[in-house]
Amino acid sequence: MKIESLQSELKGLKLLASTRSFQIPELAGEFTTDSSTALVMRYVESTPTDDSFWEAFAEQLSKLHSNTHRNFGLDHDNFIGSLPQQNSWQHSAVEHYISDRVEPQIKWAHDAGFPLRTATFFKNIEQLIPTQRPALIHGDLWNGNYLAGPDGPVLIDPAVGYSIAQMDLAMMDLFGGFPDLVFECYASKSKLPSNWRSQLDIYQLYYLLAHLNLFGSSYLAGVQRILSKYS
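Note that this is a predicted model, so its numbers are computed, not measured.

Quick notes on the rules
- Think of each chain on its own: its residues are numbered from 1, step by step along the sequence as written.
- Whole-chain, interface and lining totals are the exception, using all residues; otherwise, since this is a predicted model, local features are given only for residues with pLDDT of at least 70 and side-chain atom pairs are given and counted only at 80 or more.
- Where side-chain values are given, they derive from all heavy atoms of the structure, hydrogens and water being excluded.
- Put simply, DSSP H or I for four residues or longer makes a helix, DSSP E for two residues or longer makes a strand, and each gets a number counted from the N terminus.
- Contacts were defined at the residue level, with two residues in contact if any of their heavy atoms lie within 4.5 Å.
- Partly exposed describes any residue whose relative accessible area lies between the buried limit of under 20% and the exposed limit of over 50%, with all areas from a 1.4 Å probe on protein chains only and scaled to the type maximum.
- The arc in question is traced by the directions running from the helix axis to the C-beta atoms.
- The rule is simple: put a 1 Å grid over the protein atoms alone, call a set of points where a 1.4 Å probe fits but cannot get out a cavity, call an open set with protein on both sides within 12 Å along at least five of seven lines a pocket, and count a residue as lining if it has an atom within 4 Å of a point.
- Grid points are joined across faces, edges and corners, and a volume is the space filled by probe spheres set on the points.
- As a working rule, the residues Ala, Val, Leu, Ile, Met, Phe, Trp, Tyr, Cys and Pro are called nonpolar, Asp, Glu, Lys and Arg charged, and the rest polar, with Gly in that last group.
- Here, a strand pair is defined by DSSP locating no fewer than two bridges between the strands.
- Note on definitions: angles span 0 to 180 degrees between N-to-C directions of axes, and those axes are lines fitted to C-alpha atoms, for helices only across the stretch in contact.
- With respect to orientation, any angle under 35 degrees is reported as roughly parallel, any angle over 145 as roughly antiparallel, any angle of 65 to 115 as roughly perpendicular, and every other angle as oblique.
- Handedness of a crossing is defined here by the sense of rotation of the near helix relative to the far one, left-handed for an anticlockwise turn of less than a right angle and right-handed for a clockwise turn.

A.B. asks: Just to check I follow, could you spell out the side chain of Gln 166 for this structure?
C.D. replies: By the secondary structure assignment, Gln 166 is in helix H5 (residues 166–174). Excluding residues that lie within four positions of it along the chain, Gln 166 makes contacts with Leu 192, Pro 193, Trp 196, Leu 200 and Tyr 203.

Quick look at the structure:
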């Protein structure tokens, strides 16, 4: 893994740990060879999940998202997978989502031979993304980036930023692996618009674009479906 990506991941893990929400694996050190560098973290023993685990997950996610900032963004760029993730400071959720999340991915998709029509989409979502405070999010919360440890939920491999809280929910929903209970418990603890679940695909667009740019055309139909829905 590139050293820049590891440094970014380490910063993200430390920021998550500072919130005292989720557990974060203890960093044991770094391992470097002539060809690669890796973070070495303490082993987390896996345990079965049950309703109490998911209730704790929802409570800790709500606590994580309660950490805020005066602007959207972060004081450094980081990565989503192996792709750079831009984090300039923005005053609104809409500016942040369009300028620092979707537009760079659209450009890379275009350069890779996937031209996408976005002008009407951008105009329409300006009315759909509500005014909100920035929330510190994990940023890549699919079902491979949490562990069920003996003392509860543990998060790994973040792509953090002061962003839109629903982006974590969108990623959790996109590829599955999270029961309805965790969404229901989260919604009971956090202020969400009444139609929050039906509009998660607005934020899933970012993750599908990233997968399109990372893995190719099998994700194109999903991207086009969302762009068409809101255009």
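A.B. asks: Mind showing me how you'd approach the environment of Gly 149 here?
C.D. replies: Summarising the element assignment, Gly 149 is placed in strand S6 (residues 146–149). With relative accessibility at 5%, the residue Gly 149 sits in the buried group. Counting along the chain gives 124 residues from Gly 149 to Pro 25, while the straight-line C-alpha distance between them is 9.8 Å. In contact with Gly 149, not counting residues within four places along its chain, are Val 44, Glu 45, Thr 47 and Val 154.

A.B. asks: Explanation requested: helix H6 (residues 180–189) in the structure shown.
C.D. replies: Note: α-helices contain 3.6 residues per turn, so residues at a spacing of three or four share the same orientation. The complete set of buried residues in H6 reads Val 182, Phe 183, Cys 185 and Tyr 186. Across the axial projection of H6, the buried residues extend over an arc of 165 degrees, all falling on one side. Facing away from the buried side of H6 by more than 90 degrees, the exposed set consists of Glu 184 and Ser 188. The secondary structure elements touched by the buried residues of H6 are helix H2 (51–65) and H5.

A.B. asks: Where do I start with empty space enclosed by the protein in this structure?
C.D. replies: A water-sized probe, rolled over the atoms, reveals where empty space remains. Counting across every chain of the model gives 1 cavity of 30 Å³ or more. In this structure, the largest cavity occupies an estimated 40 Å³ of space. Surrounding the largest cavity, Pro 84, Gln 85, Gln 86, Asp 100, Arg 101, Pro 104, Gln 105, Trp 108 and Tyr 206 form its lining. Contributing elements (two or more residues each) for the lining of the largest cavity: strand S4 (83–85) and helix H3 (93–111). Sorting elements by how many residues they give to the lining of the largest cavity places H3 first, with 5 residues. For the lining of the largest cavity, a count of residues per class yields 4 nonpolar, 3 polar and 2 charged.

A.B. asks: When you look at the pairing of S6 in this model, what are you seeing that I'm missing?
C.D. replies: When S6 meets strand S7 (residues 152–155), the two strands line up antiparallel, connected through 4 bridges. Its bridge partner lying in S7, Tyr 146 is registered against Leu 155. Two successive antiparallel strands, S6 and S7, enclose a turn made up of 2 residues.

A.B. asks: What exactly am I supposed to notice about unusual backbone geometry here?
C.D. replies: With the exception of glycine, the majority of residues adopt a negative phi angle, and the majority of peptide bonds are in the trans configuration. At Arg 20, a position not held by glycine, the phi torsion is positive, near 55 degrees. Position of Arg 20 among the secondary structure elements: in the loop between helix H1 (3–18) and strand S1 (27–32). Judged by its relative accessible area of 68%, Arg 20 falls in the exposed class. In this structure, Asp 157 takes a positive phi of about 50 degrees despite not being glycine. Along the chain, Asp 157 falls in the loop between S7 and strand S8 (161–163).

A.B. asks: Explanation requested: the packing of H2 against H6 in the structure shown.
C.D. replies: Helix-helix packing is described using two parameters, namely the angle between the two axes and the distance between the axes. The geometry of H2 relative to H6 is characterised by a closest axis approach of 8 Å and an angle of 40 degrees between their N-to-C directions. Classified by the angle their axes make, H2 and H6 are oblique. Considering how the two elements wind past one another, H2 and H6 form a crossing that is right-handed. Here Asp 51, Trp 54, Glu 55, Phe 57, Ala 58, Glu 59, Leu 61, Ser 62 and His 65 of H2 come into contact with H6, specifically with Leu 181, Val 182, Cys 185, Tyr 186 and Lys 189. In the contact of H2 with H6, the residues fall into 8 nonpolar, 2 polar and 4 charged.

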